[in-house]
Amino acid sequence: QKKKKKKNPAAVPAEPKAAEASEMSRLEFRVGVILEAEKHPEADNLYVEQIDCGDGAPRTVVSGLAGLIPLEELKGARVVVICNLKPATMKGVESKAMVLCASSELDGVKLVQIVTPPEGAPPGERVLFPGFEGEPETNPNAIKKKKIWETVAPDLKTNASCVATYRGVPFTTSKGPCTVASLADAPIK
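Predicted model only: the values in this text are computed from it and were never measured.

Student: What am I meant to see in the packing of aromatic side chains here?
Tutor: Each aromatic ring pair is described using two quantities: the centre-to-centre distance and the angle formed by the ring planes. Scanning the entire structure with this criterion turns up 5 aromatic pairs. With 5.0 Å between their ring centres and 70° between their planes, F29 and F129 make a pair best called edge-to-face. In this pair, F29 is assigned in strand β1 (residues 29-39) and F129 in the loop between β9 (109-114) and α3 (140-145), connecting sequence segments 100 residues apart. In this structure F29 comes out as buried when scored by relative accessible area, which is 0%. Judged by relative accessible area, F129 falls into the buried class, the value being 5%. A centroid spacing of 6.3 Å and a plane angle of 75° characterise the contact between F129 and Y166, whose relative ring orientation is edge-to-face. Placement of F129 in the loop between β9 and α3 and of Y166 in strand β11 (residues 164-166) is noted, with a sequence separation of 37 residues between them.

Below you can see the structure in the form of structure tokens.
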């Protein structure tokens, strides 16, 4: 008669890892293209952008990039946006997504660069994180209530090759990873 082997507890995936994977997948990262950008009429540090996120109509997005990235660089820029956060009104303009950027400080000067999807990745394509699969949350209130963005954000950064990552896993599209121009090992917000 054969003895039943006991399962090695180390070989069984830990439950928290599955929970963490589902938290990351609940955010909807998408490829976007900035169609228009202008200074916010009521705030010097904000821009108002119209971004094609693959929805059929552009989304209005308010970002705090004024004074950090020239307005001319935004028009036509390929970006990564989070599309299922609860809309937020900033100085009277409702923002319906968030543009992701890496930032760093050098000699007291704040440097900011847009997380850029590779050429050929179409607007609206979902940016994925291999190993953190799952469907995005459809209720923005649930994301806010459960503080999903706040839980995930500290683990977003660029690597030594300027590839945008979550816990070392690249932001991935059908055409390859998303990158920044030159900020290595920088947090992404």
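Student: Would you mind showing me how to read the environment of L68 here?
Tutor: Secondary-structure assignment places L68 in the loop between β3 (59-63) and α2 (71-74). The class for L68 is partly exposed, based on a relative accessible area of 31%. Separated by 44 residues in sequence, L68 and V112 place their C-alpha atoms 6.2 Å apart. With near-sequence residues (within four places) excluded, L68 lies in contact with K110 and V112.

Student: Can you walk me through the layout of surface pockets in this structure?
Tutor: Rolled over the atoms, a probe as big as a water molecule pinpoints where empty space is left. The computed volume of the largest pocket comes to approximately 610 Å³. Residue lining of the largest pocket: 27 residues in total, with L85, M98, V99, W149 and K189 positioned closest to the centre. Elements that contribute at least two residues to the lining of the largest pocket include exactly β3, β5 (88-90), β7 (98-99), β8 (101-106), β9, α3 and α4 (148-152). Broken down by class, the residue content of the lining of the largest pocket amounts to 17 nonpolar, 4 polar and 6 charged.

Student: What's the story with the sheet that holds strand β10 (residues 156-158) in this structure? I'm lost.
Tutor: With antiparallel pairing, the 3 strands of this open sheet are ordered in space as β10-β11-β12. Looking at the sheet topology across the chains shown, the edges are occupied by β10 and β12 (169-170). Across 2 bridges, the pairing between β11 and β12 is antiparallel. Residue pairing in the sheet places Y166 in a bridge with V169 of β12.

Student: Explain the pattern of salt bridges to me, please; I cannot follow it from the model alone.
Tutor: Two side chains of opposite charge can pair, provided their charged atoms sit close to one another. The tally for this structure, following the rule as stated, stands at 8 salt bridges. Its salt-bridge partner being E137, residue R26 comes within 2.7 Å of it at the nearest N-O pair. Remark: E137 occurs in the loop between β9 and α3 and R26 occurs in the loop between α1 (15-25) and β1; sequence separation between them is 111 residues. Judged by its relative accessible area of 14%, R26 falls in the buried class. Note that R30 and E28 form a salt bridge whose closest N and O atoms lie 3.0 Å from each other. Per residue, the accessibility class of R30 equals that of E28, and both read buried. By sharing partners, the salt bridges in this structure join E28, R30, D55 and R59 into a single network.

Definitions and limits used
Residues numbered from 1 in each chain as written. Predicted model: local features only at pLDDT ≥ 70, side-chain atom pairs only at ≥ 80, totals over all residues. Heavy atoms only, no water. Phe/Tyr/Trp six-rings, centres within 6.5 Å; stacked < 30°, edge-to-face > 60°. Helix = DSSP H or I, 4+ residues; strand = E, 2+ residues; numbered from the N terminus. Buried < 20%, exposed > 50% of the residue type's maximum accessible area, 1.4 Å probe, protein only. Contact = heavy atoms within 4.5 Å. 1 Å grid on protein atoms, 1.4 Å probe; cavity = no way out; pocket = protein on both sides within 12 Å on 5 of 7 lines; lining within 4 Å. Points joined across faces, edges and corners; volume = space filled by probe spheres on them. Nonpolar A, V, L, I, M, F, W, Y, C, P; charged D, E, K, R; others polar. Pairing = 2+ DSSP bridges. Salt bridge = Lys/Arg side-chain N within 4 Å of Asp/Glu carboxyl O.

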